[in-house]
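Each chain, letter by letter, is given below.
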Amino acid sequence: QMQLVESGGGSVQSGGSLRLSCAASGITDNSACMAWFRQAPGKEREGVASIVSSGSTSYADSVKGRFTISRDNAKNTLYLQMNRLNPGDTAMYYCAARSRCRWAVAVVPEFGNYNYWGQGTQVTVSS
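Residues numbered from 1 in each chain as written. Predicted model: local features only at pLDDT ≥ 70, side-chain atom pairs only at ≥ 80, totals over all residues. Heavy atoms only, no water.

> Mind laying out the pattern of salt bridges, listing which residues take part and the relevant values?
Applying the stated criterion to the full structure yields four salt bridges. Among the ionic pairs, glutamate 46 bridges to arginine 38, the shortest N-O distance being 2.8 Å. By relative accessible area, which is 5% here, arginine 38 ends up buried. A salt bridge links aspartate 61 to lysine 64, with the shortest nitrogen-to-oxygen separation between them at 3.1 Å. On the basis of relative accessibility, which here comes to 49%, the residue lysine 64 falls in the partly exposed class. (Salt bridge = Lys/Arg side-chain N within 4 Å of Asp/Glu carboxyl O. Buried < 20%, exposed > 50% of the residue type's maximum accessible area, 1.4 Å probe, protein only.)

Here is the structure:
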């Protein structure tokens with residue numbers, strides 16, 4: 001089974017940047033679709049960005065133009081570059097994967113479409 005471990009979270013001032021990483025191991029499907037989600041206290045987990053094997057990406061409207069999702073298959077690592085952060089981005093960020101994924105085009109990720117999850121990394125943005 002796939003194991004996912006996030007890193008790179010922390011505290012940053014509004015307008016700053018962070019890069020999150022998700023290291024994957026135990027991979028048996030090199031065509032997995034990958035995504036980032038986030039969840040703030042008292043709120044539902046929401047999809048942030050996704051990427052499929054074709055390279056197609058998709059972003060939530062709230063992060064378009066500020067966040068970039070990418071993957072390095074040789075390193076089995078997923079990234080989320082976050083720029084121009086604001087307090088609304090404060091949340092626990094989770095890496096997710098969907099095995100045997102055949103999607104040709106990425107869409108804004110939905111919770112029920114992913115099989116594997118990391119334990120999250122906290123991002124806190126202060127004004």
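Okay, back to it.
> Tell me about the pairing of strand β4 (residues 33–39), residues and numbers included.
The element β4 is extensively covered by neighbouring structure, given that six of its seven residues are classed as buried. Of the strand pairs in this sheet, β4 and strand β9 (residues 91–98) are connected by seven bridges, and their pairing is antiparallel. Paired with cysteine 33 across the bridge in β9 is arginine 98. Pairing of β4 with strand β5 (residues 46–51), which is carried by five bridges, proceeds in the antiparallel orientation. Each residue of the ladder has a partner; that of alanine 35, found in β5, is serine 50. (Helix = DSSP H or I, 4+ residues; strand = E, 2+ residues; numbered from the N terminus. Pairing = 2+ DSSP bridges.)

> Please give an account of the packing of aromatic side chains that cites residues and values.
Scanning the model with the defined rule gives four aromatic pairs in all. Measuring from ring centre to ring centre gives 5.5 Å for phenylalanine 37 and tyrosine 114, while their planes differ by 80°; the resulting arrangement is edge-to-face. Of the two residues, phenylalanine 37 sits in strand β4 while tyrosine 114 sits in the loop between β9 and β10 (116–117), which places them 77 residues apart along the sequence. Owing to a relative accessible area of 0%, phenylalanine 37 belongs among the buried residues under this scheme. (Phe/Tyr/Trp six-rings, centres within 6.5 Å; stacked < 30°, edge-to-face > 60°.)

> Talk me through unusual backbone geometry; I want residue IDs and the actual numbers.
One non-glycine residue with positive phi stands out, namely arginine 84, at about 50°. The residue arginine 100 is not glycine, and still its phi comes out positive at about 50°. In this structure, arginine 100 sits in the loop between β9 and β10.

> An account of the nonpolar core is requested, with residue identities and associated values reported.
Soluble globular proteins tend to pack their nonpolar side chains together in the buried interior. Of all hydrophobic cores here, the largest spans 30 residues; its most connected members are Leu4, Trp36, Leu80, Met82 and Tyr93. Listing elements by their share of this core, those giving two or more residues are β3 (18–25), β4, β5, β7 (67–72), β8 (77–82), β9 and β11 (121–126). Core analysis: the next-biggest nonpolar cluster, separate from the first, contains five residues, Ala35, Tyr94, Ala96 and Tyr114 among them. (Core = buried A, V, L, I, M, F, W, Y, C linked by side-chain atoms within 4.5 Å.)

> I'd like a rundown of the environment of glutamine 119, residues and numbers included.
Structurally, glutamine 119 can be placed in the loop between β10 and β11. Separated by 25 residues in the primary sequence, glutamine 119 and tyrosine 94 have C-alpha atoms spaced 6.5 Å apart. Contact partners of glutamine 119, with chain neighbours within four places excluded, come to Leu4, Glu6 and Tyr94. (Contact = heavy atoms within 4.5 Å.)

> Could you give me a rundown of the side chain of glutamate 6, with the residues and numbers involved?
Inspection of the secondary structure assignment puts glutamate 6 in strand β1 (residues 3–7). One buried charged side chain, glutamate 6, makes no salt bridge at all; its nearest oppositely charged neighbour is arginine 45, positioned 7.6 Å away. Here the side chain of glutamate 6 touches cysteine 95 through a polar contact of 2.8 Å, landing on its backbone nitrogen. Those residues in contact with glutamate 6 that lie beyond four places of it in its chain are Ser21, Cys22, Trp36, Tyr93, Tyr94, Cys95, Gly118, Gln119, Gly120 and Thr121. (Lys, Arg positive; Asp, Glu negative; His and termini not counted. Polar contact = N/O pair within 3.5 Å; in protein donor to acceptor, adjacent residues only side chain to side chain.)

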